[in-house]
Amino acid sequence: MESKRKGAGRTADVVVTEGAAQAALRRGAAPGLTAEEEKVLRLRLGAALPRTSELEWTERELSEDQQIELQAAQIEAWMKWKDHLARQRAGQPATRTLPAPQPSRVKEKIVRALRKKA
């Protein structure tokens, strides 16, 4: 980790850069931090979990409806991922859907005024 120390041979303040903290969190669990502190740091810095780590599951049981919704979301995500991989292999760019334009009174008023001028 990158750090700056003040003073020679004395207990000093250590300043850690954001990039160094992210790199340390990507390598694995941070020693000396509680699980809650580590979670907050990861959220704050946007640091990803190590590739070898597994997702944690909640301990509460899901209702049947929630299980169905979760399974549907997993299937949809899997299908999108497979489509993305197929497009990558074919050399096609990923498709992006643009939001539909919303009607605007102000915009219509400006267009009418411009039409009157012409």
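One can find the structure itself at the top, above this paragraph.
Below or above, wherever it landed, is the structure these notes cover.

Definitions and limits used
Residues numbered from 1 in each chain as written. Predicted model: local features only at pLDDT ≥ 70, side-chain atom pairs only at ≥ 80, totals over all residues. Heavy atoms only, no water. 1 Å grid on protein atoms, 1.4 Å probe; cavity = no way out; pocket = protein on both sides within 12 Å on 5 of 7 lines; lining within 4 Å. Points joined across faces, edges and corners; volume = space filled by probe spheres on them. Nonpolar A, V, L, I, M, F, W, Y, C, P; charged D, E, K, R; others polar. Salt bridge = Lys/Arg side-chain N within 4 Å of Asp/Glu carboxyl O. Helix = DSSP H or I, 4+ residues; strand = E, 2+ residues; numbered from the N terminus. Buried < 20%, exposed > 50% of the residue type's maximum accessible area, 1.4 Å probe, protein only.

## A look at the layout of surface pockets
Take a probe with the size of a water molecule and roll it over the atoms, and the empty space left behind shows itself.
So, step 1. Within this model, the largest pocket holds a volume of roughly 330 Å³.
So, step 2. Considering the residues around the largest pocket, the lining is formed by ten residues, among which Ala 35, Lys 39, Arg 42, Leu 49 and Glu 56 are closest to the centre.
So, step 3. Residues of the lining of the largest pocket, tallied by class, amount to four nonpolar, one polar and five charged.

## Examining the pattern of salt bridges
So, step 1. Per the stated rule, a full pass over the model turns up three salt bridges.
So, step 2. For Lys 80, the salt bridge identified is with Glu 76, shortest N-O distance 3.5 Å. Of this pair, Lys 80 and Glu 76 both sit in helix α3 (residues 64-90), four residues apart, which is roughly one turn of that helix.
So, step 3. By relative accessible area, which is 55% here, Lys 80 ends up exposed.
So, step 4. Residues Asp 83 and Arg 87 are paired through a salt bridge, measuring 3.3 Å at the closest nitrogen-oxygen approach. Of the two residues, Asp 83 and Arg 87 are both situated in helix α3; the distance of four residues between them amounts to about one turn of the helix.
So, step 5. The exposure class assigned to Asp 83 is partly exposed, which follows from its relative accessible area of 40%.
So, step 6. On the basis of relative accessible area, Arg 87 is assigned to the partly exposed category, the value being 23%.

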